[in-house]
Amino acid sequence: MNEKVILIGCGQMSVDYVKVLQGLNIDFTVVGRNEEHCRLFEEKTGVKPIPNGIEQYVKEHPDNVFSAAIVVTEAEQLTPVTDVLISYGIKNILTEKPAGLSKSSMKAAAEHAANAGSSVYVAYNR
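In what follows, the accompanying structure is described. (Residues numbered from 1 in each chain as written. Predicted model: local features only at pLDDT ≥ 70, side-chain atom pairs only at ≥ 80, totals over all residues. Heavy atoms only, no water.)

## Brief notes about the sheet that holds strand E3 (residues 68-71)
Note the following rule: Whether two strands pair comes down to DSSP finding at least two bridges between them. Runs of H or I in DSSP of at least four residues are treated as helices and runs of E of at least two as strands, each being numbered from the N terminus. What counts as an axis is a line fitted to C-alpha atoms, over the stretch in contact for a helix, and the angles between N-to-C directions run from 0 to 180 degrees.
Taken in spatial order, the 5 strands line up as E2-E1-E3-E4-E5 in an open sheet, and their pairing is parallel. Both edges of this open sheet fall to strand E2 (27-31) and strand E5 (119-123), since each of them pairs with a single strand only. In this sheet, neighbouring strand axes are inclined to one another by 20° on average, regardless of whether the strands run parallel or antiparallel. As defined by bridge partners, E3 adjoins strand E4 (residues 92-96) across 3 bridges and the pair is classed as parallel.

## Some words on the side chain of Thr29
Rules: Each residue is assigned to one of three classes by its accessible area relative to the maximum for its type, calculated with a 1.4 Å probe on protein chains only: buried under 20%, partly exposed between the two thresholds, exposed over 50%. For the purposes of these results, a polar contact is taken to be a pair of N or O atoms within 3.5 Å, where, inside protein, one atom must be able to donate a hydrogen and its partner to accept one; residues adjacent in sequence count only when each atom of the pair is a side-chain atom.
Structurally, the position occupied by Thr29 is in strand E2. For Thr29, a relative accessible area of 15% corresponds to the buried category. For Thr29, the side chain forms a polar contact with the side chain of Lys4, separated by 3.4 Å.

Take it as geometry only, folks, not as evidence of what the structure does.
What follows is the structure, given as structure tokens:
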């Protein structure tokens, strides 16, 4: 499979990830939740995100074509989005810190990843 990444989120950090992905010539798809944020993201990057969130995307595209994912959402959504991506069959996931808001949710996500054969990495730049 060719390298193809799904980027979840349309905030400023996602704008920065787009620059890196484009610089590395990596094929990617962006999924956002809020249509206004998607519009602003497109103005900044020239990349049109798919709105309505990852849950809707997965329903509409049941066959996973991605080799990796990057999760750049609000902190409350990091763990739930990561869980959706694991269930979707993505094997390599980079999530922004803090990765989860509780020890129990992070432990459950880690077990889910291990059972699915997925690796989840937490981006921590300090």
